[in-house]
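# Summary of structural features
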Amino acid sequence: MLEGFGLTARKSSYRSLASLQRDLARCRACVEAGYPLESLPVRAPGARQRAYLFGQAPGVVEGEERLPWRGRAGRTLRRWLEVEEDEFYAAFYCASVTRCYPGGAPTGRGDRTPTPREQELCSFWREWELELLRPRLIVTVGGLALRRLLGLPSLTPCVGERFELQGTPVVPLPHPSGASGWLNDPANRKRLEAAAVLVREELSGVYPQKQ
Ligand code: SF4
């Protein structure tokens, strides 16, 4: 657990992503509330992206590097979307339900799911990011991110569909973590293909000059 990194600072209002990111980078709200986090916050590089990628929580590799989607799940995600690493980070502002590595699950399989209180504490950053970034596309990754953002309880029927959040298109993806057996079902693989097409279509509208 990382402690003693200074007091968490949260302004009542932010006027720039740079200022938000400075405070996010040293947030310890969950540690101060007694939760056993195993990294400092993982931040999105850059602030000029027009698409917002919203996952569950960083993994151990991301926690060490303090950069999102650096490990195997990130490589799988980029393969699904058919984008190279540079293109991926230039297109997506990467965020997640919680921003610090939560540690391994007590079962020993996969990572610990952040508690509802941790999710709530971290939603502060998401709300300000969406306010400041005003993305033209949101892609959720995994069931928790979808539930948290849109309140939709079940991931499977949503993959391959397009939703909206206050006028912004939202496309859900499953989680690319190796811990999920979701893709063992051929029907789910078809859902994923449809969802990846939707993301690419939306991206071509968001970044027309890159097509
Ligand atoms: S998970 Fe979010 S709210 Fe909790 S300490 Fe990390 S950045 Fe702060």
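What follows concerns the overall build of the protein. When its secondary structure is counted, the protein shows 8 helices and 5 strands. Secondary structure elements of the protein, listed N to C terminal, follow the sequence α-α-β-α-α-α-β-α-β-α-β-β-α. Radius of gyration (C-alpha) of the protein: 16 Å, near the 17 Å computed for a compact globule of 211 residues. In terms of overall dimensions, the protein has C-alpha extents of about 45 × 40 × 30 Å along its principal axes. Out of the 211 residues in the protein, the part that is buried amounts to 39%. A fraction of 69% describes how many contacts in the protein between residues 6 or more apart in sequence connect residues 24 or more apart.

Before going further, it helps to spend a moment on the site of the ligand. Of all residues adjacent to the ligand, which total 13 residues, the nearest are Cys 27, Cys 30, Thr 98, Cys 100 and Cys 122. Elements supplying a minimum of two residues to the shell around the ligand: helix H2 (29-32) and helix H6 (116-133). Class assignment for the residues of the shell around the ligand results in 9 nonpolar, 1 polar and 3 charged.

This next bit is on the packing of helix H1 (residues 17-25) against H6. Closest axis-to-axis distance for the H1/H6 pair is 10 Å, and the angle between their directions is 165°. For the element pair H1 / H6, the angle class is roughly antiparallel. Viewed along their axes, H1 and H6 form a crossing whose handedness is left-handed. Residues Leu 17, Leu 20 and Leu 24 of H1 lie in contact with H6, whose contacting residues are Trp 125, Trp 128, Glu 129, Leu 132 and Leu 133. Residues that form the contact of H1 with H6 fall into these classes: 7 nonpolar, no polar and 1 charged.

Attention shifts here to the nonpolar core. Ranked by internal contacts, the top residues of the largest apolar core, which has 50 residues, are Ala 51, Tyr 52, Leu 53, Phe 54, Tyr 93 and Val 139. Not counting the four nearest positions on each side in its chain, Tyr 93 is found in contact with Ala 44, Gln 49, Tyr 52, Leu 53, Leu 133 and Pro 135.

Before going further, it helps to examine the pairing of strand S2 (residues 92-96). Burial analysis of S2 places 5 of its 5 residues in the buried class, the great majority of the element. Where burial is concerned, the two faces of S2 agree: the one with Phe 92, Cys 94 and Ser 96 and the one with Tyr 93 and Ala 95 are both buried. In this sheet, S2 lies alongside strand S1 (residues 51-55) in parallel orientation, the contact comprising 5 bridges. Within S2, the position partnered with Phe 54 by the bridge is Ala 95.

Basis of the calculations
Each chain carries its own residue numbering, running from 1 in the written order of its sequence. Residues qualify for local features only when their pLDDT is at least 70, as the model is predicted, and side-chain atom pairs are given and counted only at 80 or more; totals for whole chains, interfaces and linings, by contrast, use all residues. Under the scheme used here, helices are H or I runs from DSSP no shorter than 4 residues and strands are E runs no shorter than 2 residues, and both carry numbers assigned from the N terminus. Within these notes, the globule rule equals 2.2 Å times the number of residues to the 0.38 power, and the radius of gyration is based on C-alpha atoms. Between the buried cut of 20 or more and the exposed cut of 12 or fewer other C-beta atoms within 10 Å of a residue's own C-beta lies the partly exposed class, and all C-beta atoms are placed from the backbone. Here, residues touch in the contact sense if the C-beta positions derived from the backbone fall within 7 Å of one another. By definition, a residue lies near a molecule or strand provided its backbone-derived C-beta atom is within 6 Å of it. Three classes are used: nonpolar for Ala, Val, Leu, Ile, Met, Phe, Trp, Tyr, Cys and Pro, charged for Asp, Glu, Lys and Arg, and polar for all others, with Gly counted as polar. Between N-to-C directions, angles span 0 to 180 degrees; the directions come from axes that are lines fitted to C-alpha atoms, helices contributing only their stretch in contact. Oblique is the label for any angle not covered by the other classes, which are roughly parallel (under 35 degrees), roughly antiparallel (over 145) and roughly perpendicular (65 to 115). Left-handed is the label given to a crossing in which the near helix is rotated counterclockwise from the far helix by less than a right angle, and right-handed is the label when the rotation is clockwise. For the purposes of this analysis, a nonpolar core is taken to be any set of buried Ala, Val, Leu, Ile, Met, Phe, Trp, Tyr and Cys residues that are connected through C-beta atoms within 7 Å. If DSSP finds at least two bridges between two strands, the strands pair.

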